[in-house]
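Structural description and commentary
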Amino acid sequence: MTTFFDPSKVAGLPERYVEDVRLMLERWAAVESRNRELGTYFDMKTGLKDLGISIPPQLTKTNCVVGWCEKAVEARVVRSRFDGYVSRGGKIGMLDDLVRTNNLRALFDQAMEGALVHGLSAMTVMRGRPGQPAAKVRAYSANQFACLWDRAEDRIKCGIVLHDVDEDGNPTAFVAHFGDAVAAIRRNDDRTTWSAEVEPHPMGRPLMELLIHRPTLDQPLGRTLLTRELRGIVDKAMRDVLRMEIGAEFFTFPQRYLLGVEDDLFAAPLDPDAPVDEDGDPVDENGDKIPRVSSEAEKVRSYIGAYLALTRDENGDVPQVGQFSPAPAENFTRVFENDAQRFSGATNVPLAQLGVLSNTYTSSDALGAANDPLILAVERMQGFFREPMATVGKMMLAVAHGTGMEGLSPEEADVEAYFCDPSMPTIAARADAWTKLGAADKSIVGTRVYYEGVGLSQQTIDRLEREKESASTTQAMASIAQALATQQPQRADAPPPDEGREDAPEDAEEAADGR
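What comes next concerns the included structure. Just so it is clear, the model here is predicted, and its values are computed rather than measured.

**A closer look at the overall build of the protein chain**
Along its length, the protein chain carries 15 helices and twelve strands. Expressed as a percentage of its 515 residues, the buried residues of the protein chain come to 35%. Counting contacts in the protein chain only where the partners sit at least 6 residues apart, residues at least 24 apart contribute 65% of the total. Carbon and sulfur atoms provide 51% of the accessible area of the protein chain, an area that totals close to 30,500 Å².

Encoded structure:
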């Protein structure tokens with residue numbers, strides 16, 4: 001990445017940012033090959049790691065892809081569902097609109113996938129252009145950004161993201177995020193020089209947040225799910241798949257042998273127009289006998305032929321025909337199952353999801369228990385992502401308001417990210433549990449917490465509350481209309497106020513005098 005531009009020569013980039021940009025570009029270049037390797041395993045594009053012993057060289061290009069790395073990531077992504085934001089002060093309409101217009105739920109899935117593959121991913125929040133949300137959220141994989149970590153603040157110090165490329169895939173624009181400003185770095189029309197535009201912001205921190213998978217004290221920027229152990233298992237599984245393919249070929253096409261046959265039994269046909277000697281053997285132009293050359297095609301033709309006629313040899317003995325016993329296919333499947341068991345133990349992905357099924361009966365309780373380690377791992381992973389996503393929500397509100405974090409209201413500062421239950425119980429099971437809770441404490445029935453516990457999505461809960469408000473309003477209006485309807489007949493039957501009174505005022509003046 002350092003070959004793209006020299007930060008010290010970027011026109012308009014303040015001197016105080018030059019060193020940080022240089023360090024970020026250097027670190028980007030340092031991890032580029034590692035990130036590319038991790039991406040090949042996830043995308044199932046890694047090559048065969050051949051040991052050079054049992055696999056013929058001409059078969060090393062055979063497709064033997066094993067997609068377990070992608071399965072390990074997706075098994076966690078589908079169970080970790082981000083479902084918007086909640087606050088102790090109630091729903092925040094502006095934040096819900098920003099989540100919807102940014103398609104944040106789907107964007108989080110992509111960012112989480114990148115964090116699992118590379119160890120971390122990033123989200124940025126910036127002011128939207130015309131036609132975009134007031135606060136625009138973007139996600140980046142580790143292939144598209146670099147950052148510096150501030151151990152004192154325990155958060156990102158600054159970061160730089162790839163913003164645009166040309167038709168050849170060469171970078172043309174970067175955006176650098178600092179605690180007090182955003183710098184847009186673009187390649188000029190001459191394609192050799194770069195310039196920057198700096199825009200300050202009041203956030204007090206970079207408009208960038210990291211989603212970090214399994215951070216540790218020694219590695220605060222996280223670790224990839226695709227560890228060396230997993231990559232090694234996948235490499236071995238690919239070799240075993242190829243061995244199964246080769247073994248299947250020999251199993252369906254076993255090797256055979258012939259003893260006591262002529263050397264030229266499988267020789268290639270000779271040119272019928274070639275000259276022959278007195279014995280009828282073909283000779284070359286010098287009169288020398290042309291040796292018969294063995295032909296693989298003739299061997300195959302003889303192998304698959306319906307009939308094979310053999311004559312006695314020169315000693316009168318009958319040739320012997322035999323067949324080598326192929327290696328049992330069960331040996332290959334057992335080895336592949338062992339690979340799957342190792343991968344399952346390392347990732348907590350149930351064995352059945354790796355394509356290895358048991359021939360014995362498995363109860364539903366046992367199948368459910370097989371998912372428990374994966375559910376616990378996803379719950380822990382959600383703990384890593386909950387606070388960063390809450391920070392993204394607060395930054396969206398702050399950017400939309402044009403203020404810093406300190407300008408948020410108490411309800412907005414209380415925003416928390418909400419994740420669905422990774423155990424994914426059925427709606428019937430959840431409803432049964434929360435119905436019993438509601439019977440014990442009737443005050444929770446009908447609240448958002450109650451509906452969330454039942455398993456309804458945030459959008460469904462919003463619709464229910466709007467329907468309830470609409471129904472309450474309709475009922476209130478109906479009650480008022482009914483009350484007015486019951487009072488109207490009494491007024492129609494009542495005599496006029498002055499009718500039948502002897503002392504009724506005769507004119508307006510008497511009425512005005514109060515008589």
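**Some points on the packing of helix H6 (residues 228-252) against helix H8 (residues 329-347)**
Their axes nearest at 9 Å, the elements H6 and H8 cross at an angle of 160 degrees. By the angle between their directions, the pair H6 and H8 is classed as roughly antiparallel. Crossing handedness for the pair H6 and H8: left-handed. Residue-level contacts link Glu-229, Leu-230, Ile-233, Val-234, Lys-236, Ala-237, Asp-240, Val-241, Arg-243, Met-244 and Gly-247 of H6 to Phe-332, Thr-333, Val-335, Phe-336, Asp-339, Arg-342, Phe-343, Ala-346 and Thr-347 of H8. In terms of residue class, the contact of H6 with H8 is built from eleven nonpolar, three polar and six charged.

**Describing the pattern of salt bridges**
Scanning all chains against the criterion turns up 16 salt bridges. Arg-36 is the partner of Glu-32 in a salt bridge, and the nearest nitrogen-oxygen pair spans 3.6 Å. One end of the pair is Glu-32 and the other is Arg-36, both in helix H2 (residues 32-42) and four residues apart, which spans about a single turn. Classification of Glu-32 as partly exposed rests on a relative accessible area of 32%. Here Arg-36 falls in the partly exposed class, since its relative accessible area comes to 48%. Of the charged contacts in the structure, one is a salt bridge between Arg-231 and Glu-37, with a shortest N-O distance of 3.7 Å. With Arg-231 in helix H6 and Glu-37 in helix H2, this pair connects stretches of sequence that are 194 residues apart. When salt bridges that share partners are traced, they join Lys-236, Asp-240, Arg-243 and Asp-339 into one network.

**Points about the pairing of strand S2 (residues 120-127)**
Counting buried positions along S2 yields six of eight residues, so the element is predominantly enclosed. Where S2 meets strand S9 (residues 208-212), five bridges bridge the pair, whose relative direction is antiparallel. The residue of S9 that forms the bridge with Thr-124 is Met-208. Note that S2 and strand S3 (residues 135-140) share six bridges and pair antiparallel. Bridging from a neighbouring strand, Thr-124 pairs with Arg-138 of S3.

**With respect to the state of the cysteines**
For the coordinates displayed, the defined rule picks out zero disulfides. Cys-147 provides the cysteine sulfur closest to Cys-158, a residue in no disulfide bond, and the two sulfurs are 8.0 Å apart. The class of Cys-158 is buried, set by a relative accessible area of 1%.

**So, the sheet that holds S2**
If you trace the three strands from one edge of the open sheet to the other, you get S3-S2-S9, paired in antiparallel fashion. Both edges of this open sheet fall to S3 and S9, since each of them pairs with a single strand only. Direction aside, neighbouring strands of the sheet carry axes that sit 20 degrees apart on average. Sheet contacts for helix H5 (residues 104-118): S2, S3 and S9; angle to S2, the most-contacted strand, approximately 145 degrees.

**Concerning the nonpolar core**
Trp-68, Tyr-85, Leu-104, Met-389 and Met-396 are the most contacted members of the largest nonpolar core, which has 78 residues in total. No other element matches helix H10 (residues 372-401), which puts twelve residues into this core. If we skip the residues at most four places from it in the chain, Trp-68 touches Ile-233, Val-234, Ala-237, Phe-336, Asp-339, Ala-340, Phe-343 and Leu-354.

**A few points about H10**
Compared with an ideal rise of 1.5 Å per residue, which puts 30 residues at 44 Å, H10 spans 43 Å between its outermost C-alpha atoms and is within 8% of the ideal. At Phe-385, H10 shows its maximal kink, close to 30 degrees; a proline, Pro-388, follows between one and four residues later. Just downstream of H10 lies Gly-402, where phi reads positive at about 75 degrees.

**Quick notes on H5**
The periodicity of an α-helix, 3.6 residues per turn, causes residues three or four positions apart to be oriented the same way. End to end, H5 covers 21 Å across 15 residues, agreeing with the expected 21 Å (1.5 Å per residue, within 8%). Burial in H5 covers these residues: Leu-104, Leu-107, Phe-108, Ala-111, Met-112, Gly-114, Ala-115, Leu-116, Val-117 and His-118. Downstream of H5 by a residue or two, Gly-119 has a phi angle that is positive, lying close to 105 degrees.

**Considerations on the packing of aromatic side chains**
A complete count under the given rule lists twelve aromatic pairs for this structure. Residues Phe-82 and Phe-108 carry aromatic rings whose centres are separated by 5.6 Å and whose planes lie at 45 degrees to one another, so their mutual orientation is tilted. In this pair, Phe-82 is assigned in strand S1 (residues 82-86) and Phe-108 in helix H5, connecting sequence segments 26 residues apart. Residue classification places Phe-108 among the buried residues on the basis of a relative accessible area of 0%. Pairing Phe-82 with Phe-419 gives two aromatic rings, centres 5.8 Å apart and planes at 65 degrees, and the pair type is edge-to-face. In this pair, Phe-82 is assigned in strand S1 and Phe-419 in strand S12 (residues 416-419), connecting sequence segments 337 residues apart. We note that Phe-82, like Phe-419, is buried. An aromatic cluster is present here, built from Phe-82, Tyr-85, Phe-108, Phe-385 and Phe-419 joined pairwise through their rings.

Conventions adopted
- Residues numbered from 1 in each chain as written.
- Predicted model: local features only at pLDDT ≥ 70, side-chain atom pairs only at ≥ 80, totals over all residues.
- Heavy atoms only, no water.
- Helix = DSSP H or I, 4+ residues; strand = E, 2+ residues; numbered from the N terminus.
- Buried < 20%, exposed > 50% of the residue type's maximum accessible area, 1.4 Å probe, protein only.
- Contact = heavy atoms within 4.5 Å.
- Areas by Shrake-Rupley, 256 points an atom, 1.4 Å probe, with all protein chains shown as cover.
- Axes fitted to C-alpha atoms, helices over the stretch in contact; angles between N-to-C directions.
- Parallel < 35°, antiparallel > 145°, perpendicular 65-115°, else oblique.
- Left-handed = near helix turned anticlockwise from the far one by under 90°.
- Nonpolar A, V, L, I, M, F, W, Y, C, P; charged D, E, K, R; others polar.
- Salt bridge = Lys/Arg side-chain N within 4 Å of Asp/Glu carboxyl O.
- Pairing = 2+ DSSP bridges.
- Disulfide = S-S within 2.5 Å.
- Core = buried A, V, L, I, M, F, W, Y, C linked by side-chain atoms within 4.5 Å.
- Expected span 1.5 Å × (residues − 1).
- Bend = angle between axes of the 7 residues up to and from the residue.
- Phe/Tyr/Trp six-rings, centres within 6.5 Å; stacked < 30°, edge-to-face > 60°.

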